[in-house]
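# Descriptive analysis of the structure
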Amino acid sequence: MDPQPTGRITCTGPESYNLTFSRLFSEPPDAVWSSFTDPAQTASWFGRWQGSPARGARLDLQMLYEDGLPWSRVQVSECAAAELLRLLVEDEYGSWDLEIRLQDRSGGTRLDFIHHLDNPLIAESVGPGWEYYLDRLAAVRGGGVLPEFGDYYPGQGPYFLAQARAAADENQTG
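Thresholds, definitions, all that
Residues numbered from 1 in each chain as written. Predicted model: local features only at pLDDT ≥ 70, side-chain atom pairs only at ≥ 80, totals over all residues. Heavy atoms only, no water. Salt bridge = Lys/Arg side-chain N within 4 Å of Asp/Glu carboxyl O. Helix = DSSP H or I, 4+ residues; strand = E, 2+ residues; numbered from the N terminus. Buried < 20%, exposed > 50% of the residue type's maximum accessible area, 1.4 Å probe, protein only. Pairing = 2+ DSSP bridges. Axes fitted to C-alpha atoms, helices over the stretch in contact; angles between N-to-C directions. Contact = heavy atoms within 4.5 Å.

With that out of the way, let us pick up the pattern of salt bridges. One pass over the structure, following the stated rule, counts 9 salt bridges. With a closest N to O distance of 3.0 Å, Arg-23 and Asp-135 form a salt bridge. Placement of Arg-23 in strand β2 (residues 16–25) and of Asp-135 in helix α3 (residues 123–142) is noted, with a sequence separation of 112 residues between them. Using a relative accessible area of 10% as the deciding quantity, one classes Arg-23 as buried. Residue Asp-97 pairs with Arg-86 through a salt bridge whose shortest N-O separation is 2.7 Å. You can see Asp-97 sitting in strand β7 (residues 94–105) and its partner Arg-86 sitting in strand β6 (residues 84–91), a full 11 residues away along the chain.

With respect to topology, 8 strands assemble into an open sheet ordered β1-β2-β8-β7-β6-β5-β4-β3, the strand pairing being antiparallel. Taken across any chain shown, the strands that pair with only one partner, and hence form the sheet edges, are β1 (8–13) and β3 (47–50). The average undirected angle you get between the axes of adjacent strands in this sheet is 30 degrees. As judged from the 5 bridges shared by strand β4 (residues 58–63) and strand β5 (residues 71–80), these two strands associate in the antiparallel manner. Looking across to β5, one finds that Leu-61 is bridged to Ser-72. Here α3 sits on the sheet and contacts β1, β2, β4, β7 and β8 (108–117); the angle it forms with β2, its principal contact strand, is near 20 degrees. The sheet contacts of helix α4 (residues 157–173) involve β1 and β2, and relative to β1 the element is tilted by about 20 degrees.

Here is the structure:
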């Protein structure tokens, strides 16, 4: 399998960037929403979590498809059912500001997954990971073949590094 990277990096302000991934699903937003808010469904493609996915809530998340099965602490900063979920994640590597947006598209759903970044250069390593996980989500929801992480990393790193450098240059000259 040779998955093509789809993520894009945009400069959103001084030292502020968005790494955005989009996916389309044939199901309505409520069905896709449950992939993020139902612990059993989340575990099938990303990791298991404990707690309540409500605004202001704190959750514990274990990534089931990473070496060592690491745990993270998650705070739900925004939650509007079947439309918006924003999570602040803390783990051994630092803090992550993640946003999930769902939009109805003629009975289907457009998912925009946004990783808000201070430093675009980390996209070289995290970009391939998000592509992998979102393709896992699509495979689980659509009954497809689960991808292999080795097909994403390190091969997609140069794609994301080039985008990161371009976004950083735009920030310098913009």
